[in-house]
Amino acid sequence: MSELITCDLHAALKTLPEPDRAALEAGLPEAREAVLQDARRAAEGCTASPQKQPLDAAFIDWPDRLLQDMKENGADSLIAQIERCATRLQQTVDTVVVIGIGGSYMGMRALFEALADPFHNERTREERGGIPRLYFAGWNVDSDRQQALLDLLENRVRRCGSDGPAGRTALIVISKSGGTLEPAIAFRNLRAFVERHFSSDVQDLIVPVTGTTGRLRTLAEQAGFRDVFSIPEGIGGRFSVLTAVGLLPAAVSGINIRRLLQGAAEMTEHFRSAPFEHNAVLRHAAIGHLLERQRGLTIRVLSTWGSHLEAVGLWYDQLLAESLGKQERGATPITGVNTRDLHSRGQQHQEGRRDKLIVNLLPGPPRHPTQKIPLREDDADDLNRFARHSPASVLEAAIAGTSQAYAADARPTVDLKLPGITPHSLGQLFQLLMLSTVVEGELIGINPYGQPGVEAYKKNMIDILLRGGADTGDSET
Ligand code: PA5
């Protein structure tokens, strides 16, 4: 087994008196058992009790099931089908737009920002090794942004033509329900663009990923798209990153999805079998819960270090907020990016209200460790004294220095340490955070699945539109 993420609670526990610390493990064996039982029930399609409706726990065994399917069914397995579709898109288009909102796009955004070259879309096709440019749409309502994307794609067709890959765009449209308005509107506009320019290949250039029923499913069947992928029953939006929702666009982006799934499967096994002292999932859930219950720390700051992991943090914001923010309970997640936010939020974290647990998400060694601070003869900026250091060691010093400052003021911190930013470690991380969220749901008596509170805005928005709209219109301009 390769190196796993660790969860170091040392600094957080030091801020607590011994009797409080003793409560750390309380309820965890039962919570783990309940989560594993939910996984079994979801996998077998059993009906859940009313308090556990919906029961979207099938994400827990899903990576294992996909890997097993690959062993047994080879070229017919789902992984192989996803990889084939990804290769076909890589060979035939230079741009892919991923359309989706919430759990239907945030996981892929996290993967892309963590693993891709940060300037991927600016590179030539050759520099990108034939990997298409990737854009996201439908994750908001913003007509200016949508128009700007359409203009960009139109210009590419005008410049490069519609016959070869250079001018071509494919769409991956993702919605489990198939009825979410924001991505549906973006899809309608982008679909019209594809039909206008690549009319003979529309069926090849649009790939829906959707639930087994719903409007997008029906639309896909009527249109006869060549590839359509399903989001399994029993896996909800924000738990779906390791289904075709994340795997297809990840494979298109050249990410090794087998390693991603292996990392996730190893984390599930670790959760199942490791004792509490080493169990990263249980430790992560336990410390957040303990500090919230004993100390009233209701704000969880996921402090990411470096620039690769911000979107992982945004994905986790959604996961924690939408899963546990129910019945007037659930901690409030915030994503930080350091050292950037030490210059914006740092003051408050060091000296503000004592309502925060800081969880450092430590990225491990950089991919290009050779960069150095260059020596200069004039040394007017006085940087020669750091010249034996690399930017990576500056980041390490910032992490150590910040932890030291928080410890000195008894501000609790936890370290989630990645062995590096790779598909394998990200698979682990997604699974760790999803499992830890559902364990915490057990501890606080909240069903982490479903998001009943989001329905109110959707219903009101649709009612307002059907009544004629709250249209600000063109009259003011
Ligand atoms: O976690 C969830 O279930 C939500 O965030 C959904 O992913 C989001 O609302 C999009 O839903 P859908 O995929 O049905 O369009």
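Keep in mind that this is a model prediction, so the values were computed, not measured.

(A) Quick peek at the packing of helix 6 (residues 106–115) against helix 17 (residues 423–444). Where helix 6 meets helix 17, the axes come as close as 11 Å, and the angle between the chain directions of the two elements is 145°. Where helix 6 crosses over helix 17, the handedness of that crossing is right-handed. For the pair helix 6 and helix 17, the contacting residues are G107, A110, L111, A114 and L115 in the first and P423, L426 and F430 in the second. Taken together, the residues that form the contact of helix 6 with helix 17 break down as seven nonpolar, one polar and no charged.

(B) Unusual backbone geometry, seen in detail. Of the consecutive residues Q53 and P54, the connecting peptide bond is found in the cis state with omega at -5°. At the junction of N338 and T339, the peptide bond is cis and its omega measures out at 20° in the coordinates. Mapped onto the elements, T339 comes out in the loop between strand 8 (332–338) and helix 15 (346–351). Unusually for a residue other than glycine, D379 sits at a positive phi of about 50°.

(C) Spatial organisation of the pairing of strand 4 (residues 169–175). Across the seven residues of strand 4, seven count as buried, placing the element largely inside the fold. Of the two faces of strand 4, both are covered, the one formed by T169, L171, V173 and S175 as well as the one formed by A170, I172 and I174. Strand direction decides the pairing type here: strand 4 and strand 5 (residues 206–210), joined by five bridges, are parallel. What sits directly across from S175, in strand 5, is T210.

(D) Just helix 6, in detail. Taking burial as the measure, the ten residues of helix 6 include eight buried ones, the bulk of the element. Burial in helix 6 covers these residues: M106, G107, M108, A110, L111, F112, A114 and L115. On its buried side, helix 6 packs onto strand 3 (133–137), helix 11 (244–252), helix 12 (257–273), helix 14 (310–324) and helix 17.

(E) Examining the site of the ligand more closely. Of all residues adjacent to the ligand, which total 13 residues, the nearest are S104, S175, S177, T180 and Q318. Between the ligand and S104, the relevant distance is 2.7 Å, taken from an oxygen atom to a side-chain nitrogen or oxygen of the residue. Residues belonging to the shell around the ligand are distributed by class as follows: one nonpolar, nine polar and three charged.

(F) Quick peek at the pattern of salt bridges. Applying the stated criterion across every chain, the model contains 32 salt bridges. For R40, the salt bridge goes to E33, with nearest N and O atoms at 2.9 Å. Assessed through its relative accessible area of 39%, R40 is described here as partly exposed. The exposure class of E33 is partly exposed, given its relative accessible area of 39%.

(G) Structural detail: the domain arrangement of the chain. Looking at the chain, the domain boundaries give domain 1 (6–42 + 260–450) and domain 2 (59–258). Put simply, the middle of domain 1 and the middle of domain 2, counted by C-alpha atoms, are 30 Å apart. Counting residues at the interface gives 33 residues for domain 1 and 27 residues for domain 2. Interface area for domain 1 against domain 2, summed over the two sides, is near 2,900 Å², with a carbon-plus-sulfur share of 69%.

(H) Region of interest: the pairing of strand 8. For strand 8, the buried fraction is high: five of the seven residues fall into the buried class. Pairing of strand 7 (residues 299–305) with strand 8 involves seven bridges; the strand directions are parallel. Counterpart to S303 in the pairing with strand 8 is G336. Note that the unit made of strand 7, helix 14 and strand 8 has a crossover that is right-handed.

(I) Region of interest: the nonpolar core. If you look at the biggest cluster of nonpolar residues, it comprises 132 residues, and the most contacted ones within it are L111, W315 and L426. With eleven residues, helix 17 is the largest single contributor of residues to this core. Beyond its immediate stretch of four places on either side in the chain, L111 contacts A116, V241, G246, A250, I255, L260, L426 and F430.

(J) How the structure looks around the sheet that holds strand 7. Strand order in the open sheet formed by five strands is 1-10-9-7-8, and the pairing between neighbours is mixed. Of all the strands in the sheet, the pair left with one neighbour each is strand 1 (6–8) and strand 8. Strand-to-strand twist in this sheet, taken as the mean axis angle between neighbours without regard to direction, amounts to 20°. In the sheet, strand 7 pairs with strand 9 (residues 356–362) via six bridges, with the strands oriented parallel. What sits directly across from R300, in strand 9, is L357.

(K) Quick peek at the packing of helix 13 (residues 280–295) against helix 17. Closest axis-to-axis distance for the helix 13/helix 17 pair is 8 Å, and the angle between their directions is 45°. Here helix 17 runs oblique to helix 13, going by the angle between their axes. Between helix 13 and helix 17 lies a crossing of right-handed hand. Residues A280, V281, L282, H284, A285, H289 and E292 of helix 13 lie in contact with helix 17, whose contacting residues are L432, L433, L435, S436, V439, E440, L443 and I444. Its residues assigned to classes, the contact of helix 13 with helix 17 comprises ten nonpolar, three polar and two charged.

How each quantity is defined
- Residues numbered from 1 in each chain as written.
- Predicted model: local features only at pLDDT ≥ 70, side-chain atom pairs only at ≥ 80, totals over all residues.
- Heavy atoms only, no water.
- Axes fitted to C-alpha atoms, helices over the stretch in contact; angles between N-to-C directions.
- Helix = DSSP H or I, 4+ residues; strand = E, 2+ residues; numbered from the N terminus.
- Left-handed = near helix turned anticlockwise from the far one by under 90°.
- Contact = heavy atoms within 4.5 Å.
- Nonpolar A, V, L, I, M, F, W, Y, C, P; charged D, E, K, R; others polar.
- Buried < 20%, exposed > 50% of the residue type's maximum accessible area, 1.4 Å probe, protein only.
- Pairing = 2+ DSSP bridges.
- Near = heavy atom within 4 Å.
- Polar contact = N/O pair within 3.5 Å; in protein donor to acceptor, adjacent residues only side chain to side chain.
- Salt bridge = Lys/Arg side-chain N within 4 Å of Asp/Glu carboxyl O.
- Domains from an automatic or database assignment.
- Buried area = accessible area lost by both parts, 1.4 Å probe.
- Right-handed = clockwise from strand over helix to strand, strands pointing away.
- Core = buried A, V, L, I, M, F, W, Y, C linked by side-chain atoms within 4.5 Å.
- Parallel < 35°, antiparallel > 145°, perpendicular 65-115°, else oblique.

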